[in-house]
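# Residue-level structural notes
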Amino acid sequence: MAVFSKVLTMLRGNLRELGQSIVDHNASTIYEQEIVEATAHVASAKQDLTAVMAKEMQAGREIERLRAELKKYEDLALQALQKDETSLAEEVAARVADLEVALAEQEEAHVQYAGHIARLKDMIRNAEATLREHERQLAMAKTTESVYKATATISQNMGSSGSKLMSAKESLERIRQRHQDMADRMQAAEVLEGEFGSKALENKLAQAGIGERANRKAEVMARLQARVRPAPPDQG
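Residues numbered from 1 in each chain as written. Predicted model: local features only at pLDDT ≥ 70, side-chain atom pairs only at ≥ 80, totals over all residues. Heavy atoms only, no water.

## Examining the overall build of the protein chain
Our working definition: Helix and strand definitions here come from DSSP, where helices need a minimum of 4 consecutive H or I residues and strands a minimum of 2 consecutive E residues; each element is numbered from the N-terminal end. Relative accessible area decides the class of each residue, using a 1.4 Å probe on protein chains only: under 20% of the type maximum gives buried, over 50% gives exposed, and in between gives partly exposed. Here, residues are in contact when the closest pair of their heavy atoms is within 4.5 Å. Here the accessible surface of atoms and residues is derived via Shrake-Rupley with a 1.4 Å probe, and residues count as covered only by protein chains that are part of the display.
Along the protein chain, the regular secondary structure elements total six helices and zero strands. Out of the 236 residues in the protein chain, the part that is buried amounts to 11%. Sequence separation of at least 24 residues holds for 75% of the intrachain contacts in the protein chain that already meet a minimum separation of 6. Summed over all atoms, the accessible surface of the protein chain reaches about 19100 Å², with 58% contributed by carbon and sulfur.

If you want it as structure tokens, here you go:
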């Protein structure tokens, strides 16, 4: 029995740890849902408040009606007394007394409704302010969690990506080497063109002073010097 009890205790512990783990991993979702539910409760409270406010308005209208009716019967009672209709005046007075009781009840109810409304409005305002604060905290918590996740991802990639970064660097070096190889090939092609291509023979002839290019430099210099040489004076 002792072993079985320990097994049960272990299972309860595992369930508790599992439940705590689930709560921890879904804390933002739970927090957000709690805010949603609290917002729904506040909306429901507002609907209840409108019902109480309607009762207050109804009580106010009833007070006005009772006051008007009370004044009417008081005037009737006075008229009955003026005509020495004492018995009739007493009946009207009884009616006035009933109206005064009803009026007092309605006035008390109206005051109670007004007090409930004031308290409910304060509670709703406080609840809404608290909800706004929780919404701000939730937004901050989500942002912070996103930053932590991004940081963790970067850290993991950097930790396991020493090889990735090295591989990327090697790829860059291979690209640079390929570009350098292409540049060297182009330069070599130009050298070969100068030695063995169609321009090679022309270069050799020019260097030997043969061909149309041989005297081109001398001709250009002579032409330029003629342009800057002062003209001979006019003999006439």
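So that's the structure; there's more coming.
## Notes on the environment of E145
Checked against the element boundaries, E145 lands in helix α3 (residues 86-160). On the accessibility criterion, E145 (29% relative accessible area) is partly exposed. Between the alpha carbons of E145 and S28 there is a distance of 8.9 Å; along the sequence they are 117 residues apart.

## Observations concerning the pattern of salt bridges
Counted only if it meets this: Only one rule defines a salt bridge in this text: a Lys or Arg side-chain nitrogen within 4 Å of an Asp or Glu carboxyl oxygen.
All chains considered together, the criterion is met by eleven salt bridges. In this structure, K46 engages E128 in a salt bridge whose closest nitrogen and oxygen atoms are separated by 2.5 Å. Pair noted here: K46 is in helix α2 (residues 27-82) and E128 is in helix α3, with a separation of 82 residues, a long-range link. Note on E128: relative accessible area 23%, which makes it partly exposed. Between E62 and R65 there is a salt bridge; the shortest N-O distance is 2.6 Å. Remark: R65 and E62 occur in helix α2; sequence separation between them is three residues, near one turn of the helix.

## Some thoughts on the side chain of E69
Along the chain, E69 turns up in helix α2. Residue E69 is classed as buried on the basis of its relative accessible area, which comes to 14%.

## Notes on the nonpolar core
Applicable threshold: Take the buried residues of types Ala, Val, Leu, Ile, Met, Phe, Trp, Tyr and Cys, join any two whose side-chain atoms come within 4.5 Å, and each joined set is a nonpolar core.
Counting residues in hydrophobic clusters, the biggest one holds eight residues: I63, L66, L70, A77, V92, V96, L99 and L103. Excluding residues that lie within four positions of it along the chain, V92 makes contacts with Y73, L76 and A77. The next biggest cluster of nonpolar side chains, apart from the first, holds seven residues, and it includes I35, I117, I124 and L131.

## Structural notes on the confidence of the model for the protein chain
We apply this condition: The quantity called pLDDT is the predictor's confidence in a given residue, expressed from 0 to 100.
Put simply, the protein chain has an average pLDDT of 79, and 69% of its residues get 70 or more. Taking the mean pLDDT of every element in the protein chain, the minimum, 62, falls on helix α1 (residues 2-25) and the maximum, 89, on α2.

## Digging into the side chain of E56
Inclusion rule: Under this rule, positive means Lys or Arg and negative means Asp or Glu; His and the chain ends count for nothing.
Checked against the element boundaries, E56 lands in helix α2. In this structure E56 is buried but unpaired, with K121 as the nearest side chain of opposite charge at 7.0 Å.

## Let's talk about unusual backbone geometry
Phi at D84 is positive, roughly 60 degrees, even though this residue is not glycine. Tracing the chain through its elements places D84 in the loop between α2 and α3.

## A few points about the environment of A114
Secondary-structure assignment places A114 in helix α3. Among the residues examined, A114 registers a relative accessible area of 30% and is labelled partly exposed. Remark: the alpha-carbon pair of A114 and K55, spanning 59 residues in sequence, is separated by 9.7 Å.

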